[in-house]
Amino acid sequence: QQPVQSPQAVILREGEDAVINCSSSKALYSVHWYRQKHGEAPVFLMILLKGGEQKGHEKISASFNEKKQQSSLYLTASQLSYSGTYFCGTEGGDYKLSFGAGTTVTVRA
Amino acid sequence: DAGVTQSPTHLIKTRGQQVTLRCSPKSGHDTVSWYQQALGQGPQFIFQYYEEEERQRGNFPDRFSGHQYPNYSSELNVNALLLGDSALYLCASSLVGGDYGYTFGSGTRLTVV
């Protein structure tokens, strides 16, 4: 089952912060976050694993509440390069990574 | 270090025809997943291959089938194409378990007319 993301879209000025939420109705093993720019492939940002281990390489942070089956992605001091559509992907230990409908982020100068 | 390579980049087919899409995973990755992405939507999981076997499948009809070769490359086959099959098809590779994330290819844009 697909996770639910909110909001659908957000517009920011450079330097502002934003939070993107992702919730699932099933127990989760991991939550992935990806960013896709128009006409390009989704790019891996971060993975959060059950048990609290976080693996990523971007200066963007995230949290994972296993009990509530929710995750949030935090965009801090946004830059123009943060513009794109952000997808959360959830996986329940069954090798099926399901994606939400996405959150479109527009950062303006 | 090459990432995920997909071919062809664009394809136009007629209803009822069959199509084969190809994917070479990132070096070192052994697992390949296929996704269908409609315009403005999130990627929809089709299936995942590991050790040349389909390990998991999404809610797609049997018209969608795949294969993984010993060198980990993969194919997605779609038979009896419908207009609704028009979409971007993404291939993603990962290490078994996916605990280090997926690397996506740029996709194949399939148009069915």
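Report on the accompanying structure. (Residues numbered from 1 in each chain as written. Chains lettered and ligands numbered in written order. Predicted model: local features only at pLDDT ≥ 70, side-chain atom pairs only at ≥ 80, totals over all residues. Heavy atoms only, no water.)

### A few points about the overall build of chain B
Helix and strand content of chain B: 0 helices and 11 strands. Element order for chain B, N to C, with α for helix and β for strand: β-β-β-β-β-β-β-β-β-β-β. Relative to a compact globule of 113 residues, whose C-alpha radius of gyration would be 13 Å, chain B shows 13 Å and is just as compact. Across the 113 residues in chain B, those meeting the buried criterion constitute 50%. With 8 positive and 10 negative side-chain charges, chain B shows a spacing of 12 Å between the two charge centroids. (Helix = DSSP H or I, 4+ residues; strand = E, 2+ residues; numbered from the N terminus. Rg over C-alpha atoms; globule rule 2.2 N^0.38 Å. Buried < 20%, exposed > 50% of the residue type's maximum accessible area, 1.4 Å probe, protein only. Lys, Arg positive; Asp, Glu negative; His and termini not counted. Charge placed at Lys NZ, Arg CZ, Asp CG, Glu CD.)

### Details of the interface of chain A and chain B
Residue-level contacts link 19 residues of chain A with 21 residues of chain B. The three residues of chain A that bury the most area against chain B are Tyr95(A), Lys96(A) and Phe99(A), which together make up 31% of that side's buried surface. Taken together, chain A and chain B are joined by 0 salt bridges. On inspection of chain A and its partner chain B, the count reaches 6 residue pairs in polar contact (both at pLDDT 80 or more). Looking at the side of chain A that touches chain B residue by residue, the classes come out as 12 nonpolar, 4 polar and 3 charged. (Contact = heavy atoms within 4.5 Å. Buried area = accessible area lost by both parts, 1.4 Å probe. Salt bridge = Lys/Arg side-chain N within 4 Å of Asp/Glu carboxyl O. Polar contact = N/O pair within 3.5 Å; in protein donor to acceptor, adjacent residues only side chain to side chain. Nonpolar A, V, L, I, M, F, W, Y, C, P; charged D, E, K, R; others polar.)

### Brief notes about the packing of aromatic side chains
Centre distance and the angle of the planes are the two values used to describe a pair of aromatic rings. One pass over the structure, following the stated rule, counts 9 aromatic pairs over all chains. Plain terms: the ring middles of Tyr35(B) and Phe45(B) are 5.6 Å apart, the flat faces sit at 65° to each other, and that makes the pair edge-to-face. You can see Tyr35(B) sitting in strand S4 (residues 31-37) and its partner Phe45(B) sitting in strand S5 (residues 44-50), a full 10 residues away along the chain. Residue Tyr35(B) is classed as buried on the basis of its relative accessible area of 0%. Taking relative accessible area as the criterion, Phe45(B) reaches 7% and is therefore assigned buried. Three or more aromatic residues joined by ring pairs form one cluster here, namely Tyr34(A), Phe44(A), Phe99(A), Tyr35(B), Phe45(B) and Phe104(B). Positioned above the aromatic ring of Tyr95(A) is the side chain of Arg55(B), whose terminal nitrogen or guanidinium carbon lies 3.6 Å from the ring centre. (Phe/Tyr/Trp six-rings, centres within 6.5 Å; stacked < 30°, edge-to-face > 60°. Lys NZ or Arg CZ within 6 Å of the ring centre and 35° of its normal.)

### Regarding the sheet that holds strand S1 (residues 5-7) of chain B
Residue and element names in this part refer to chain B. Across the sheet, 4 strands lie side by side as S1-S3-S8-S7; this open sheet has antiparallel pairing. Pairing within the sheet leaves two strands with one partner each, and these edge strands are S1 and strand S7 (64-68). Along the sheet, successive strands turn relative to each other by an average axial angle of 15°, direction set aside. Here S7 runs beside strand S8 (residues 74-78); their pairing, made up of 5 bridges, is antiparallel. (Pairing = 2+ DSSP bridges. Axes fitted to C-alpha atoms, helices over the stretch in contact; angles between N-to-C directions.)

### Topic: the layout of surface pockets
Considered as a void within the structure, the largest pocket measures approximately 540 Å³ in volume. In this structure, the largest pocket is lined by 23 residues; those nearest its centre are Gln36(A), His38(A), Gly39(A), Gln37(B) and Leu39(B). In the lining of the largest pocket, the residues fall into 5 nonpolar, 15 polar and 3 charged. Forming the boundary of the second largest pocket are 13 residues, of which Gln1(A), Lys96(A), Ser98(A), Gln44(B) and Asn59(B) lie nearest the centre. Contributions of two or more residues to the lining of the second largest pocket are made by strand S10 (98-99) of chain A together with S5 of chain B. Classifying every residue of the lining of the second largest pocket by side-chain character gives 4 nonpolar, 6 polar and 3 charged. (1 Å grid on protein atoms, 1.4 Å probe; cavity = no way out; pocket = protein on both sides within 12 Å on 5 of 7 lines; lining within 4 Å. Points joined across faces, edges and corners; volume = space filled by probe spheres on them.)

### Looking at the pattern of salt bridges
All names here are of chain B. Evaluation of the coordinates by the stated rule reveals 3 salt bridges over all chains. Linking Arg22 and Glu75 is a salt bridge whose minimum nitrogen-to-oxygen distance equals 3.5 Å. Note that Arg22 is positioned in strand S3 (residues 19-24) and Glu75 in strand S8, a separation of 53 residues in sequence. Judged by relative accessible area, which is 42%, Arg22 ranks as partly exposed. The exposure class of Glu75 is buried, given its relative accessible area of 15%. Ionic pairing is found between Arg57 and Glu54, a salt bridge with its closest N-O pair at 3.1 Å.

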